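# Survey of secondary and tertiary structure
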Amino acid sequence: MELDTDVIVIGAGMSGLGFAVQLVREFGHRNFEIYERSTHIGGTWWANSYPGCGVDVEAHFYSYSFCMNPDWSRKFPLQPEILAYYENVADKYDIKKHMRFRSNMTAAHWDEDSGTWVVSITDLETSETYDRRCKVLVSAVGLLSTPKGCDFPGASSFDGPIFHTAEWDHSFDWKDKEIVVIGNGCSATQVVPAVSEGEKAVKKVVQFARQAQWIFERPNPEYTSLFKWTMRWVPLAMRGYRAIQNFYSEYDFQSFPVDTGAPLRKMYADYQGGYIRRTAPAKYLDFLIPKTEMGCKRRVMDTYYLECLHRDNVELVYDDPIEEVVEDGVRTKSGRVVHADAIVLANGFEVFDVLETLEIHGEGGLSIGDHWDTFSEGAPSSYFGTCLSGFPNFFILMGPNTASGHGSVAYTSECQIGFTLRLIKPVLKALKAGRSRLPVIGRKTDIVAVKPEAEQADIVTVQDKLKNMIWSSGCTSWALDPRTGRNTAMYPDFQTKYWLRSIFIPWSDFEFSTSKPIATALGLKSLGVGSWLTLSTGIAVAAYLMRQRSPFGTLR
């Protein structure tokens, strides 16, 4: 069965781009295609273009280790600079020619007879759907790619725009307008200060929050020309600086175990609690200092949010929740009507829902949802956050239980990329051998799949460790599956251990096999023992005769 391409990658964000680059760098392999439903490379850094959007991990640690950037403008850059970085990486390795934008994967199924994936792609410009056949399928759609909608009654009656921070309406001019922001996580705390200052400031922004977040002080210095010069020209300076950031983040993980992390969490709570008291208005302190354990929910890095709460055009509402959306704003539980020209949703994402909606079917037509029903009570799970048994040659980047509460998502993504490349190396070698005119020596395998017992054991181990982590201490969190209470997002260990697992792969956890078409193709070119002995003897005889005819004679 002819392949349309060897590898199909779904998603052109950080993970999809990184995988493609490493496929080129490590193997020199360019027979792949990347399908992206948006119009641009960048994933979350293309989708999230709201005012004030920026990264909350040091840029030198957030970028790829194989393509470091000495020219970051500041410690925590804003969205345009991060997006430009990914564009530069794609240009450097000529990846864009492999990308197909405005193309959405709607389904995929494993063809057992040919040992290939048949992937259905919809062109979002023409609505045409077509199939592409590949040997390896990689999902790089990410953890947070499907924004939550507005679930308040009456939303359809609102006169103005309602949009999520990940779908910011750039046609809306917020200057001298009144807006409502729903949520108080990372996105909300970046939006509120950005729209409430300067000449383009809103007339009024009212922010509705349900639960307090631990807000960390986060200075964001600009890098000097000398610092950038040092990063670029002093040997190992940039890698050393990155290693320092990694060290501090790994140290931070010690705060997450429930018992042993208690002293470190108390130190953090005392310090950051003091910072909140010094910085925020007194009238909000009762709410802003959380009652939950430090680290139970994702920490929020302060981007002048606490300071902006002093502004006359900013109001925080935490004890009078929204009951419904009305024509000109929102009505709260107390009956107060808050006028709004626009409603901004900063209420998070549907974590992992996109994997179920992709309609991916493995061996025997089993769906991912059915697989999860069997292995993890219907909650998202996988081996190493990457592999599912019964889904050969299929890999998930930033899959279940890969998120870190302390480190860099780029680090995790690179670990998974390296892990996946090591697993598919024999597959790509088998494809190359099948296309070669040279005889084939030894067995070649073009199918790899994790064993069910290995997957189940890994899932159980991860969930057992999570029970002793602070994320399971009782607070509500996007990391917890609402149906089962299982933690489907976080990895319960040091990122360094995750990296080591990606290198030292327990090969006995995997089954390698050969598809019928490859076995047939290679069988015609394979050398058996007799053929190999005959060929070896022939070469030896030819070498002897050539030596005898040498003008120099024989050497005695």
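Refer to the preceding data block for the structure.
Residues numbered from 1 in each chain as written. Predicted model: local features only at pLDDT ≥ 70, side-chain atom pairs only at ≥ 80, totals over all residues. Heavy atoms only, no water.

### Considerations on the pairing of strand β17 (residues 342-345)
A regular strand carries its side chains on alternate faces of the sheet. Put simply, the rule reads: Here's how the labels work: a residue is buried when its accessible area is under 20% of the maximum for its type, exposed when over 50%, partly exposed in between, all with a 1.4 Å probe on protein chains only. Helix and strand assignments follow DSSP, with helices taken as H or I runs no shorter than four residues and strands as E runs no shorter than two, numbered in order from the N terminus. A strand pair is defined by DSSP finding two or more bridges across the two strands.
Here β17 shows no split at all, with Ala 342 and Val 344 on one side and Ile 343 and Leu 345 on the other all buried. Where strand β8 (residues 162-164) and β17 come together, three bridges link them in parallel fashion. Bridge pairing in β17 links Ile 162 to Ile 343. Sheet analysis places strand β9 (residues 178-182) next to β17, joined by four bridges and oriented parallel. Within the sheet, the bridge partner assigned to Val 181 lies in β17 and is Val 344.

### A look at the sheet that holds strand β16 (residues 337-339)
For sheets, the rule is that strands pair by backbone hydrogen bonds, running either parallel or antiparallel. Our working rule: To obtain each axis, a line is fitted to C-alpha atoms, and for helices this fit is confined to the stretch in contact; angles are then taken between N-to-C directions over 0 to 180 degrees.
Here we have three strands laid out as an open sheet, ordered β14-β15-β16, and antiparallel in their pairing. Each of the sheet's edge strands pairs with one partner strand only, and the pair in question is β14 (322-326) and β16. Put simply, the sheet's adjacent strands are angled 25° from each other on average, direction ignored. Sheet topology note: the β14/strand β15 (residues 329-332) ladder contains four bridges and is antiparallel. Paired with Ile 322 across the strands is Thr 332, a residue of β15.

### Considerations on the side chain of Ser 381
Formally: Nitrogen and oxygen atoms within 3.5 Å of one another constitute a polar contact, given that in protein one can donate a hydrogen and the other can accept it, and given that sequence-neighbouring residues count only through two side-chain atoms. Should any heavy atoms of two residues lie within 4.5 Å, those residues are counted as being in contact.
Within the secondary structure layout, Ser 381 lies in the loop between α12 (368-376) and β19 (394-396). Its relative accessible area of 2% is what places Ser 381 among the buried residues. Among the polar contacts made by the side chain of Ser 381, one reaches the side chain of Ser 376 at a distance of 2.7 Å. Apart from residues no more than four positions distant in its own chain, Ser 381 is found in contact with Trp 372, Phe 375, Ser 376, Leu 388, Pro 400 and Ile 459.

### Details of a negative patch on the surface
What counts is decided by this rule: Exposure above 30% relative accessible area and the absence of a salt bridge qualify a residue for a patch, where like charges join within 9 Å and nonpolar side chains (Val, Leu, Ile, Met, Phe, Trp, Tyr) within 5 Å. Only the protein chains shown count as cover for residues, with accessible areas throughout obtained via the Shrake-Rupley method and a probe of 1.4 Å. The salt bridge definition used is simple: a Lys or Arg side-chain nitrogen within 4 Å of an Asp or Glu carboxyl oxygen. His is not counted here, nor are the chain ends, while Lys and Arg score as positive and Asp and Glu score as negative. One atom stands in for each charge, and that atom is NZ of Lys, CZ of Arg, CG of Asp or CD of Glu.
Residues Glu 112, Asp 113, Glu 363, Glu 453 and Glu 511 make up a contiguous surface patch of negative charge. Counting through the fold element by element, Glu 453 comes out in helix α14 (residues 452-466).

### Overview of the pattern of salt bridges
On inspection of all chains with the given rule, the structure shows 26 salt bridges. Put simply, Asp 4 and Arg 132 hold a salt bridge, and the shortest N to O gap is 3.8 Å. Here Asp 4 is found in the segment before β1 (7-10), whereas its partner Arg 132 is found in strand β6 (residues 129-134), with 128 residues between them in sequence. Here Asp 4 falls in the partly exposed class, since its relative accessible area comes to 37%. Overlapping salt bridges, with partners in common, bring together Asp 4, Glu 33 and Arg 132 in one network.

### Digging into the nonpolar core
The cut-off we apply is this: Nonpolar cores were defined as sets of buried Ala, Val, Leu, Ile, Met, Phe, Trp, Tyr and Cys residues, with membership established by side-chain atoms within 4.5 Å.
Counting residues in hydrophobic clusters, the biggest one holds 107 residues, and the most contacted among them are Leu 17, Phe 19 and Ile 95. If you tally residues by element for this core, the top one is helix α13 (residues 409-435), at twelve residues. Every residue in contact with Leu 17, bar those within four places of it in the chain, is listed here: Ile 41, Tyr 64, Tyr 86, Val 89, Ala 90, Ile 95 and Met 99. Formed by 22 residues, the second largest nonpolar core is a distinct cluster that contains Cys 134, Leu 137, Phe 394 and Ile 396.

### Points about the packing of helix α1 (residues 14-27) against α13
As a reminder of what qualifies: Should an angle lie under 35 degrees it is considered roughly parallel, over 145 roughly antiparallel, and from 65 to 115 roughly perpendicular; all remaining angles are considered oblique. For any helix crossing, the convention is left-handed if the near helix is rotated counterclockwise from the far helix by under a right angle, and right-handed if that rotation is clockwise.
Closest axis-to-axis distance for the α1/α13 pair is 9 Å, and the angle between their directions is 45°. As judged from the angle between their axes, α1 and α13 are oblique. Of the two elements, α1 crosses α13, and the hand of that crossing is right-handed. Residue-level inspection shows Met 14, Ser 15, Gly 18, Phe 19, Gln 22, Leu 23, Glu 26 and Phe 27 of α1 in contact with α13, the latter providing Val 409, Ala 410, Ser 413, Ile 417, Thr 420, Leu 421, Ile 424, Lys 425 and Leu 428.

### Observations regarding α13
The line we're drawing: A helix is expected to reach a length of 1.5 Å times the quantity of its residues less one.
Over its 27 residues, α13 runs 37 Å from end to end, which matches the ideal 39 Å to within 8%, given 1.5 Å per residue. Counting buried positions along α13 gives 19 out of 27 residues, so the element sits mostly inside the fold. Its side-chain oxygen placed 3.1 Å from the backbone nitrogen of Ala 410, Ser 408 serves as the N-cap of α13.

### Things to note about α12
The cut-off we apply is this: Taking the helix axis as origin, the arc is that swept by the directions to the C-beta atoms.
Among the residues making up α12, those that are buried are Ile 368, Gly 369, His 371, Trp 372, Phe 375 and Ser 376. Angularly, the buried residues of α12 cover 155° about the axis, an arc narrow enough to put them on a single face. Residues of α12 that are exposed and point more than 90 degrees away from the buried face comprise Asp 373 and Thr 374. Glu 377 occupies a position one or two residues after α12 and carries a positive phi of about 60°.

### With respect to the pairing of β9
In plain terms, the rule: By definition, the crossover connecting two strands over a helix is right-handed if that path, from the first strand to the second, turns clockwise as seen with the strands pointing away from the viewer.
The element β9 is largely enclosed, with a buried count of four among its five residues. Direction of pairing for β9 relative to strand β10 (residues 204-208): parallel, over a ladder of five bridges. By the bridge assignment for β10, Val 181 is matched with Gln 207. Following the backbone out of β9, through helix α5 (residues 186-195) and into the adjacent parallel β10, one traces a crossover that is right-handed.

### Let's talk about a nonpolar patch on the surface
A contiguous nonpolar patch, built from Leu 226, Trp 229, Trp 233 and Val 234 and spanning about 480 Å² of accessible area, is present on the exposed surface. Checked against the element boundaries, Trp 229 lands in helix α6 (residues 225-233). Looking at Trp 229, the relative accessible area reads 49%, which means it is partly exposed.

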